[in-house]
Structure formats: C-alpha cells, structure tokens
Amino acid sequence: MKKEKIIFWTTTILIFLFEGVMPALTSQTELAKEGIRHLGYPEYFGNALVIFKILGVLALVIPQVPNRIKEWAYAGFAFDFIFASISHFAVDGLDFQGFFPLIILAILMTSYIYHHKIERAKNSSI
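In this report, the structure presented in the accompanying data block is examined. (Residues numbered from 1 in each chain as written. Predicted model: local features only at pLDDT ≥ 70, side-chain atom pairs only at ≥ 80, totals over all residues. Heavy atoms only, no water.)

Structural notes on the nonpolar core
Where a protein is soluble and globular, its nonpolar side chains tend to be buried together.
Then, number 1: Counting 16 residues, the largest nonpolar core has Ile 15, Leu 60, Phe 77, Phe 81 and Leu 108 as the members making the most contacts within it.
Then, number 2: Mapped onto this core, the elements with two or more residues apiece are α1 (2-26), α3 (43-61), α4 (67-92) and α5 (96-124).
Then, number 3: For this core, the element with the highest residue contribution is α5, accounting for six residues.
Then, number 4: Residue contacts for Phe 81: discarding those within four places in its chain leaves Ile 15, Glu 19, Pro 101, Ile 104, Leu 105 and Leu 108. (Core = buried A, V, L, I, M, F, W, Y, C linked by side-chain atoms within 4.5 Å. Buried < 20%, exposed > 50% of the residue type's maximum accessible area, 1.4 Å probe, protein only. Helix = DSSP H or I, 4+ residues; strand = E, 2+ residues; numbered from the N terminus. Contact = heavy atoms within 4.5 Å.)

Take a look at the structure:
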C-alpha cells in the first residue's frame, strides 16, 4: 500500500505543479498570452482555463473532496490534454509541443489508476 501511495502522490503533485501552480503564476505573462493567441484562441479562454485548472488540481489534492468531483477533475484534465495536443498538432504540425500534453496525460492516467487502487484498498479494509 505504501508504494501505491507514493506513486499516487508523486504523479498527483506533478499534475498539481504543471496544471495548477505554473498556470496560476504564468498565465498573465506575455508569453502565455501569445501561446493562446498562436493556437487561435481568444485571451479570455486562457483565463477561464486557468481558473478551471486551479479548481481541478485542488479537487485532486484535497482528500475530503468527494470521489465524484475527483472523477470530473480527472476527466476535465484528460480532455484538456487531448485537445491541447490536437491544437498544437493542427497549428504547428508534428513537434514536441504536440506530444508534451500526451506525456502529461500519461502522468494523469497513472495518478487516476493509483487513486482507484488506494480507494479499493481503503474500501476493502472497512
């Protein structure tokens, strides 16, 4: 059980940093605004995305948040990473920026799998 918790918290903290902390600290920089414009999205879309990302990572890291809310957060991030990848491939072609969201998606999937392993173990011990 200890190994599962270490893997879960490591991957979840990586998501927290990449999708919560970094966007919160950098979303108003000119580089971030240009990145949103480069992909063809309006600036307000980036602002809304940051708000939902912060809410999503909070749902993942706060243990008291109900599992149903966590499921929605995992789904939201999965859609975000898939569509980010599609956007980059559509605008920039096949380059690393298109693959990077898929790498983060793999980390998210690992967090999701281990979240459920921990929940199953918790429920079976009750």
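Some details on the layout of surface pockets
Then, number 1: Roughly 1400 Å³ of volume is contained in the largest pocket.
Then, number 2: Considering the residues around the largest pocket, the lining is formed by 44 residues, among which Glu 19, Ile 36, Leu 49, Lys 53 and Asp 80 are closest to the centre.
Then, number 3: Every element with two or more residues in the lining of the largest pocket is listed here: α1, α2 (30-38), α3, α4 and α5.
Then, number 4: In terms of residue count, α4 provides more of the lining of the largest pocket than any other element does, twelve residues in total.
Then, number 5: Of the residues belonging to the lining of the largest pocket, the class tally is 26 nonpolar, 13 polar and five charged.
Then, number 6: Each pocket or cavity is described by its volume, and for the second largest pocket that value is around 240 Å³.
Then, number 7: In terms of lining, the second largest pocket is formed by 13 residues, of which the most central are Phe 8, Trp 9, Ile 118, Glu 119 and Lys 122.
Then, number 8: Looking at the lining of the second largest pocket, the elements that each hand over two or more residues are α1, α3 and α5.
Then, number 9: Counting residues per element, the lining of the second largest pocket draws most heavily on α5, which supplies four residues. (1 Å grid on protein atoms, 1.4 Å probe; cavity = no way out; pocket = protein on both sides within 12 Å on 5 of 7 lines; lining within 4 Å. Points joined across faces, edges and corners; volume = space filled by probe spheres on them. Nonpolar A, V, L, I, M, F, W, Y, C, P; charged D, E, K, R; others polar.)

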